[in-house]
Amino acid sequence: MKLILSLEKFLIDCSMGMKKAAQIAGSVMDYKPLDEIDLEKFCSPSIIKSAMEVYNIKEIEAKVFFKWYGDYFNRIGKYENEYYKGALELLNDLKKDYDISVFTELYSLQARQILRKKDILKDFELVGGKEKDRENNEKYHILEALVKNLKTKDEIVFISSDMEDIKVASELLLNNIYYDFSENKEINVDFIRDKLEQIK
């Protein structure tokens, strides 16, 4: 059995750097400061769409916003993150028994840089994210490419706290474990272990 963990939705909380990138981009463009609810909308791959909605601006302006957002996030923001509580403990536990890969909606290069900075890149078989030379970087196609690149007949289990991720994994006929972070951002290692045992 092989495992795929969602980087942003299960392993590492990248929202701090994403929100800071939105604040910096907004400041450069002299837009109004945002509250926490609006900042949350920039913790997703749809930055241009979010900018158009939040600031009520046209796409051409949103693309300029995205340029400034990306400039900060690529240089600094991607490293402004933290493990979900219990994630590192879980990773250290699971890697003893499973080959683990990472799914991300960031570019694969960015994800590898984040994992290398935390000295855990070596713990993963593959990192699957956006690629500049891939025509379609929608979630489904990212995960589909990752599964193909694993080149395995073993069962694959996908783990995420995002129901959209789980839906895509189901469409690709993967076993999946949904982890609910609604009450807190702490991972229960025993819960995940039990779920994996049930799938075996």
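Refer to the structure printed above.
Residues numbered from 1 in each chain as written. Predicted model: local features only at pLDDT ≥ 70, side-chain atom pairs only at ≥ 80, totals over all residues. Heavy atoms only, no water.

## Some words on the packing of helix α6 (residues 87-94) against helix α10 (residues 189-199)
For any two helices packed against each other, one specifies the crossing angle of their axes together with the interaxial distance.
Link 1 in the chain: Orientation of α6 relative to α10, taken along the N-to-C sense of each, is 40°, at an axis distance of 10 Å. Of the two possible hands of crossing, α6 and α10 adopt the one that is right-handed. When α6 is examined against α10, the residues Glu89, Leu90, Asp93 and Leu94 are found in contact with a partner set consisting of Val189, Ile192, Arg193 and Leu196.
Link 2 in the chain: Broken down by class, the residue content of the contact of α6 with α10 amounts to five nonpolar, no polar and three charged. (Axes fitted to C-alpha atoms, helices over the stretch in contact; angles between N-to-C directions. Helix = DSSP H or I, 4+ residues; strand = E, 2+ residues; numbered from the N terminus. Left-handed = near helix turned anticlockwise from the far one by under 90°. Contact = heavy atoms within 4.5 Å. Nonpolar A, V, L, I, M, F, W, Y, C, P; charged D, E, K, R; others polar.)

## Here's the deal with helix α2 (residues 15-28)
Link 1 in the chain: Between its terminal C-alpha atoms α2 stretches 20 Å, which fits the 20 Å expected from 14 residues at 1.5 Å a residue.
Link 2 in the chain: Taken together, the buried positions of α2 are occupied by Ser15, Gly17, Met18, Lys19, Ala21, Ala22, Ala25 and Gly26.
Link 3 in the chain: Looking one or two residues past α2, aspartate 30 carries a phi angle of roughly 60°, positive in sign. (Expected span 1.5 Å × (residues − 1). Buried < 20%, exposed > 50% of the residue type's maximum accessible area, 1.4 Å probe, protein only.)

## Brief notes about the pattern of salt bridges
A side chain with one charge can pair with a side chain of the opposite charge if their charged atoms come near.
Link 1 in the chain: Taken as a whole, this structure holds 16 salt bridges when the rule is applied.
Link 2 in the chain: Here aspartate 162 makes a salt bridge to lysine 139, at a shortest N to O gap of 3.5 Å. With aspartate 162 in the loop between β6 (156-160) and α9 (163-171) and lysine 139 in helix α8 (residues 139-150), this pair connects stretches of sequence that are 23 residues apart. Of the two residues, aspartate 162 and lysine 139, both sit in the buried class. (Salt bridge = Lys/Arg side-chain N within 4 Å of Asp/Glu carboxyl O.)

## Section: the packing of aromatic side chains
Link 1 in the chain: The full count for this structure, using the stated rule, is eight aromatic pairs.
Link 2 in the chain: Judged by centre distance (6.4 Å) and plane angle (40°), the rings of phenylalanine 42 and tyrosine 55 are tilted. Remark: tyrosine 55 occurs in helix α4 (residues 47-55) and phenylalanine 42 occurs in the loop between α3 (36-40) and α4; sequence separation between them is 13 residues. Taken individually, phenylalanine 42 and tyrosine 55 each receive the classification buried, so the pair is uniform in this respect.
Link 3 in the chain: Site record: aromatic cluster; members linked through ring pairs are Tyr31, Phe42, Tyr55 and Phe65.
Link 4 in the chain: Stacked on the ring of tyrosine 79, the Lys or Arg lysine 117 has its end atom at 5.4 Å from the ring centre.
Link 5 in the chain: Directly above the ring of tyrosine 107 sits lysine 130, whose terminal nitrogen or CZ lies 5.8 Å from the centroid. (Phe/Tyr/Trp six-rings, centres within 6.5 Å; stacked < 30°, edge-to-face > 60°. Lys NZ or Arg CZ within 6 Å of the ring centre and 35° of its normal.)

## A closer look at the sheet that holds strand β4 (residues 99-107)
Link 1 in the chain: In space, the five strands of this open sheet follow the order β5-β4-β1-β6-β7, with parallel pairing throughout. The strands lining the two open edges of the sheet, one partner per strand, are β5 (127-130) and β7 (175-178). Averaged over all adjacent pairs, the angle separating strand axes in this sheet is 20°, with direction ignored.
Link 2 in the chain: Here three bridges tie β4 to β5, and the two strands are oriented parallel to one another. Bridge pairing in β5 links valine 102 to valine 127. (Pairing = 2+ DSSP bridges.)

## Things to note about the packing of α2 against helix α5 (residues 59-75)
Link 1 in the chain: At a minimum axis distance of 8 Å, the contact between α2 and α5 shows a crossing angle of 130°. Compared by their axis directions, α2 and α5 come out oblique. Read as a crossing pair, α2 and α5 show a hand that is right-handed. Of α5, the residues touching α2 (which contributes Gly17, Met18, Lys20, Ala21, Ala22, Ile24, Ala25, Gly26 and Val28) are Phe65, Trp68, Tyr69, Tyr72 and Phe73.
Link 2 in the chain: Residue composition of the contact of α2 with α5, by class: 11 nonpolar, two polar and one charged. (Parallel < 35°, antiparallel > 145°, perpendicular 65-115°, else oblique.)

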